[in-house]
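Geometric and topological summary
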Amino acid sequence: MLDLSDDPEAFRANVSTWIEAHCAESLRAIPQAEREICWGGKGFTFASQAQHDWMKAAAETGMSAPRWPVEYGGAGLSRAQEKIYREELARLNAPTPLESFGLWMLGPALLQFGTHEQKLHYLPQITRGEIRWCQGYSEPGAGSDLASVQTRAEDMGDHWLVNGSKIWTSYADKADWIFALVRTDREAPKHRGISFMLIDMEAEGVTTRPIRLISGASPFCETFFENVVVPKEDPVGLSRIVGELNRGWDVAKHLLTHEREMIGGGAQGLLGSRSLGAFLADLDPEVLEDPVLKTRAMALEIDSLATAMTLERYKDMAKQGGVGHASAMLKYAGTELNKRRYELLMSVTGSDGLEWDGPHGTLAQEWLRTKANSIEGGTSEVMLDILAKRVLDLPSQ
Amino acid sequence: MTLSLVPSEDETMLRDAARSFLAEASPVSSLRRNRDRGIPYDTELWSQMAQLGWTGVLLPEEAGGSDMGHRAAGILAEEMGEVLAASPFLSTAVIAATALRQAGSDRLSQIAEGAVTYALAIDEKAKFSPRASALQAVRQGNSYRLSGRKCFVADGSSAKRLLVLARTSGRAGEAEGLTLFDIDAARAGVTPQRSNTVDSRDHATLIFEDVEATGADILGDIDNGMAAIHTALNAGQASMAAELLGLTSGAFSMTAGYLRERKQFGRTIGSFQALQHRAAHLWAQIEITASAVANAGRVLDESPDEADLAVSVAKAHATQTAQLAVREGVQMHGGIGMTDEFDMGFYMKRARVGAEWLGDYGYHAARVAAARGI
Ligand SMILES: Cc1cc2nc3c(=O)[nH]c(=O)nc-3n(C[C@H](O)[C@H](O)[C@H](O)COP(=O)(O)OP(=O)(O)OC[C@H]3O[C@@H](n4cnc5c(N)ncnc54)[C@H](O)[C@@H]3O)c2cc1C
């Protein structure tokens, strides 16, 4: 059992023993870049028994959601303890036991806006990897201008009747449930008529159609709702609306902030914790003899290191009371940097990098995938708009 | 790293105090006045800085300092940059204080009191390269004779004392064989020629003709001057990065203010998205520079022997952001930005000098590359 003793060094020792006991060596031997992510969910096919066991062990102790309260399936760790846990995972080259939109997005939104009963019901399903969620925000006519969503939920007395379609829904074809922005009041101003609704993907009338990306993968879908019945009170007596009716925009915005910090911060990709220099030397030591490539690599490294310090500084600031709209800066800077990083890697690998499955593995796919970083979760232009209006207070007229 | 990247309460108090003092005592208009009179800096301002304890920020309490550390020194430099306050702070209270403290010199209290100012004589060519020093220090009996030329010496015509990196053995280009001397600027054979640089500050070329120095003038070990000056240079570079950060934010607040106020086509120009996005991008760069600068100070305080990477990231990033801020600053002000009457030009000119001093972008990028195996 995992002993969450308060003393940091004792905690470090405990947590590393626990990782070593439950995360099989076979999982830890896999390089970060080649790891298959454990997403969980009803239909998930585990890459190995070891991956399954590691998720189970984490689910039992709440370590799949280290910071969430114990009563909601988390481990109740402090920020400092979570940091130690992440450091030990990295040191032991252990993958995170579970990743999901539930952990990243819905959970934080529920913790902030859900009722106690909603949290008790939905959060442990997420931490145990039982239910996989997807995010139903964007629509064909509502991208950057997200508040113009048209998918509507009509009040039919004891239930909602949902009609409309979503687009770019990542993993909708693999997800069990969707958290969606739906219009519940068509008369109200656009930000005031939206609700944040939880919908079962198995419900009658929900269909998905995968969309193929430029990288060849099809991780996202169109999602259609045709006369989908969503009970106002479900069999367990819970409301399917998170937060207040018609106030879903507040929930959506809160969640987007989380998403942006994550997209901006998580972007290290293939490099993992290695320095760019070490990475390039492994690829081809001679490549840096090209002065133009070398100059690009140097500039990128300066910007990467300075940006990493910014992530750290913003984390420190968040501890002291939040960074507000300035988080849009992390999203903007982090994603633009990641795109540059992959452009450089493509230049460095030359013709070897051009094959879908060549000497550099999935590099080409990853390169193409990074192009979405500055689109998903709000485009770079939208981030700059937020900074200009909300942080710099520039006028709109 | 145990220190947070967010300033402590003491540091915030120091910043607030520095900001209100400098707004009063050294607004940009005083730089203009000094320039018009040909004065490199206000000696009165310098003695006030000393009274406030700024000259002792990196010195131990026994010597009359406050020992607040490099991050605090950076905060002061940043605030000076914001209003372009000119003083020998970097040369004296940062570089000389660090080098003299490391060498165990007995002049520390003179620096803390503000009784002495220093200049670092290191460059000999148009680009910063300490190891390229060729100025000879030839041994004669118990003394040395210094002959040669140093250029781009900040505070070089006004400083009372000089730190001179001279060659006691080996050849220009070699890191070994250099020795760091601490001599009186009035010593026979030293001739300063003030250069008329774009930032209107005191930069000078110093001619050394058979200048006498003794073993007592040496800081650190003979032939090992690079070790004696290494941390002091890092400290100076980090503080210069901080000054550039302050300068950037000073220029940026003028620009952002203008965007909110100037009207064309019946609208405020700050409502044009083309300008909004450029301003927001610039602001993002300033935030990133601020992080790199805070980190450089932190590393110098916590593990000064491993500071090269953090310092060079800060100086390189600050240089780029400052250049962007002043270019955008002039452009977004239109015609008025080009006039001498308007202050933006002062920011642009100081940014150019700050970009070169103690190593330009390329110098620091090369140090980053060396540290990261690129
Ligand atoms: C890989 C990937 C995964 C995604 N996953 C999900 C998901 O799981 N769930 C979900 O709901 N959505 C998802 N999205 C959708 C994503 O959030 C939207 O694509 C994004 O918000 C942009 O909307 P859009 O595609 O309609 O582009 P548009 O909004 O049409 O933008 C087109 C261009 O116009 C610019 N533009 C728009 N408005 C302005 C303005 N006011 N000023 C200046 N320029 C402007 C944009 O910056 C962009 O360059 C995903 C997208 C991608 C690429």
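If you're wondering where the values come from, they're calculated on a predicted model, not measured in any experiment.

**Comments concerning the environment of S195 of chain A**
All names here are of chain A. Checked against the element boundaries, S195 lands in strand β5 (residues 194–200). Separated by 12 residues in sequence, S195 and R183 place their C-alpha atoms 6.2 Å apart. In this structure S195 touches A180, L181, V182, T184, I241, L245, N246 and G248, once residues within four positions along its chain are discounted. A distance of 2.6 Å separates polar atoms of two side chains, one belonging to S195 and the other to T184.

**Quick notes on the packing of aromatic side chains**
Residue and element names in this part refer to chain A. Enumeration over the complete set of coordinates arrives at 19 aromatic pairs over all chains. Consider the rings of W39 and W104, whose centres lie 5.6 Å apart with planes at 75 degrees: the pair is edge-to-face. Taken together, the positions of W39 in the loop between α2 (25–28) and α3 (49–61) and W104 in helix α5 (residues 101–113) put the pair 65 residues apart, joining distant regions of the chain. Look at W39 and you get buried, because its relative accessible area is 13%. Residue W104 is classed as partly exposed on the basis of its relative accessible area, which comes to 24%. The rings of Y122, W133, Y137, W177, F179 and F196 are connected pair by pair, giving a single aromatic cluster.

**A short note on the nonpolar core**
The biggest cluster of nonpolar side chains holds 139 residues, and the ones touching the most others in it are M329 of chain A together with W54, F89, L163 and I229 of chain B. A per-element tally of this core places helix α7 (residues 225–261) of chain B first, with 18 residues. Contact partners of F89 of chain B, with chain neighbours within four places excluded, come to W46, W54, V57, A73, L76, A77, M80 and V94 of chain B.

**Observations regarding the side chain of D199 of chain B**
All names here are of chain B. As for its position among the elements, D199 is in the loop between β6 (190–195) and β7 (203–214). For D199, a relative accessible area of 4% puts it in the buried group. At 3.3 Å, the side chain of D199 and the side chain of H203 are in polar contact. Ignoring anything within four residues of it in the chain, the contact list for D199 reads L31, K349, R350 and V353.

**Side note on the UniProt feature "domain: Acyl-CoA dehydrogenase/oxidase N-terminal" (unreviewed entry) in chain A**
Taking the numbering used here, the UniProt-annotated feature "domain: Acyl-CoA dehydrogenase/oxidase N-terminal" (unreviewed entry) corresponds to residues 7–130 of chain A. Helix makes up 56% of residues 7–130 of chain A and strand 0%, and the two end C-alpha atoms of the span are 33 Å apart.

**Points about the UniProt feature "domain: Acyl-CoA oxidase/dehydrogenase middle" (unreviewed entry) in chain B**
Under the present numbering, the feature "domain: Acyl-CoA oxidase/dehydrogenase middle" (unreviewed entry) in UniProt falls on residues 137–211 of chain B. The span residues 137–211 of chain B is 0% helix and 60% strand, and its two end C-alpha atoms sit 9 Å from each other.

**Notes on the environment of P304 of chain B**
Residue and element names in this part refer to chain B. Structurally, the position occupied by P304 is in the loop between α8 (273–302) and α9 (308–333). Expressed as a C-alpha distance, the spacing of P304 and E209, which sit 95 residues apart in the sequence, is 36 Å. Not counting residues up to four positions away in its chain, the partners in contact with P304 are T231 and V299.

**Re a negative patch on the surface**
Side chains of D284, E286, E289, D352, E355 and D357 of chain A sit close together on the surface and give a patch of like negative charge. Of note, E355 of chain A is situated in the loop between α10 (327–349) and α11 (363–370).

**Examining the site of the ligand**
Neighbouring the ligand are 19 residues; S144, W168, T379 and E381 of chain A together with Q273 of chain B lie closest to it. Take S144 of chain A: an N or O atom from its side chain is 2.6 Å from an oxygen atom of the ligand. Here T379 of chain A contributes a side-chain N or O atom positioned 2.7 Å from an oxygen atom of the ligand. In the complex, the protein chains occlude 68% of the 970 Å² of accessible area that the ligand would expose alone. Within the residue set of the shell around the ligand, elements represented by two or more residues are β3 (159–170) and α12 (380–391) of chain A. Top element by residues in the shell around the ligand is β3 of chain A. It accounts for 3 residues. Per-class residue counts for the shell around the ligand are 6 nonpolar, 9 polar and 4 charged. Two domains each put at least three residues into the shell around the ligand: domain 2 (132–247) and domain 3 (266–391) of chain A.

**Examining empty space enclosed by the protein**
Residues and elements named next belong to chain B. Throughout the structure, instances matching the rule amount to 2 cavities of 30 Å³ or more. Quantified by volume, the largest cavity comes out at close to 210 Å³. Lining the largest cavity are 20 residues, and of these S87, D155, R201, E243 and R350 lie nearest its centre. The set of elements that each furnish at least two residues to the lining of the largest cavity consists of α4 (70–83), α5 (89–103), α7 and α10 (344–356). The leading source of residues in the lining of the largest cavity is α5, at 3 residues.

**Focus: the UniProt feature "domain: Acyl-CoA dehydrogenase/oxidase N-terminal" (unreviewed entry) in chain B**
Using the residue numbers shown here, the UniProt feature "domain: Acyl-CoA dehydrogenase/oxidase N-terminal" (unreviewed entry) corresponds to residues 8–108 of chain B. Helix and strand shares over residues 8–108 of chain B are 65% and 0% respectively, and the end C-alpha atoms of the span are 26 Å apart.

**Some points on the interface of chain A and chain B**
Each side of the interface is counted separately: chain A has 40 residues, and chain B has 38 residues. The contact between chain A and chain B buries some 3,300 Å² in all, and 67% of this surface belongs to carbon and sulfur atoms. Contact with chain B buries surface across chain A, with I302, R313 and L392 of chain A losing the most and accounting together for 19% of the total. Scanning the region where chain A abuts chain B turns up 3 salt bridges. Between R313 of chain A and E287 of chain B there is a salt bridge, with its nearest N and O atoms 3.0 Å apart. Joining chain A to chain B, the criterion identifies 17 residue pairs in polar contact (both at pLDDT 80 or more).

**Considering the domain arrangement of chain B**
All names here are of chain B. Under the domain assignment used here, chain B contains domain 1 (9–117), domain 2 (120–225) and domain 3 (226–371). Look at where the C-alpha atoms of domain 1 and domain 2 centre, and you get two points 23 Å apart. On the domain 2 side, the residues contacting the 22 residues of domain 1 number 17 residues. Buried surface at the junction of domain 1 and domain 2, both sides included, amounts to about 1,400 Å², of which 57% is carbon and sulfur. Among the residues of domain 1 in contact with domain 2, P40, R107 and T117 are the three that bury the most area, contributing 31% of the side total. Applying the counting rule to domain 1 against domain 2 returns 1 salt bridge. We note a salt bridge from R107 to D182, for which the minimum N-O separation is 3.8 Å.

Conventions used here
- Residues numbered from 1 in each chain as written.
- Chains lettered and ligands numbered in written order.
- Predicted model: local features only at pLDDT ≥ 70, side-chain atom pairs only at ≥ 80, totals over all residues.
- Heavy atoms only, no water.
- Helix = DSSP H or I, 4+ residues; strand = E, 2+ residues; numbered from the N terminus.
- Contact = heavy atoms within 4.5 Å.
- Polar contact = N/O pair within 3.5 Å; in protein donor to acceptor, adjacent residues only side chain to side chain.
- Phe/Tyr/Trp six-rings, centres within 6.5 Å; stacked < 30°, edge-to-face > 60°.
- Buried < 20%, exposed > 50% of the residue type's maximum accessible area, 1.4 Å probe, protein only.
- Core = buried A, V, L, I, M, F, W, Y, C linked by side-chain atoms within 4.5 Å.
- UniProt positions renumbered as here; feature names shortened; annotations may be inferred.
- Patch = residues over 30% accessible without salt bridge, like charges linked within 9 Å, V, L, I, M, F, W, Y side chains within 5 Å.
- Areas by Shrake-Rupley, 256 points an atom, 1.4 Å probe, with all protein chains shown as cover.
- Salt bridge = Lys/Arg side-chain N within 4 Å of Asp/Glu carboxyl O.
- Lys, Arg positive; Asp, Glu negative; His and termini not counted.
- Charge placed at Lys NZ, Arg CZ, Asp CG, Glu CD.
- Near = heavy atom within 4 Å.
- Nonpolar A, V, L, I, M, F, W, Y, C, P; charged D, E, K, R; others polar.
- Domains from an automatic or database assignment.
- 1 Å grid on protein atoms, 1.4 Å probe; cavity = no way out; pocket = protein on both sides within 12 Å on 5 of 7 lines; lining within 4 Å.
- Points joined across faces, edges and corners; volume = space filled by probe spheres on them.
- Buried area = accessible area lost by both parts, 1.4 Å probe.

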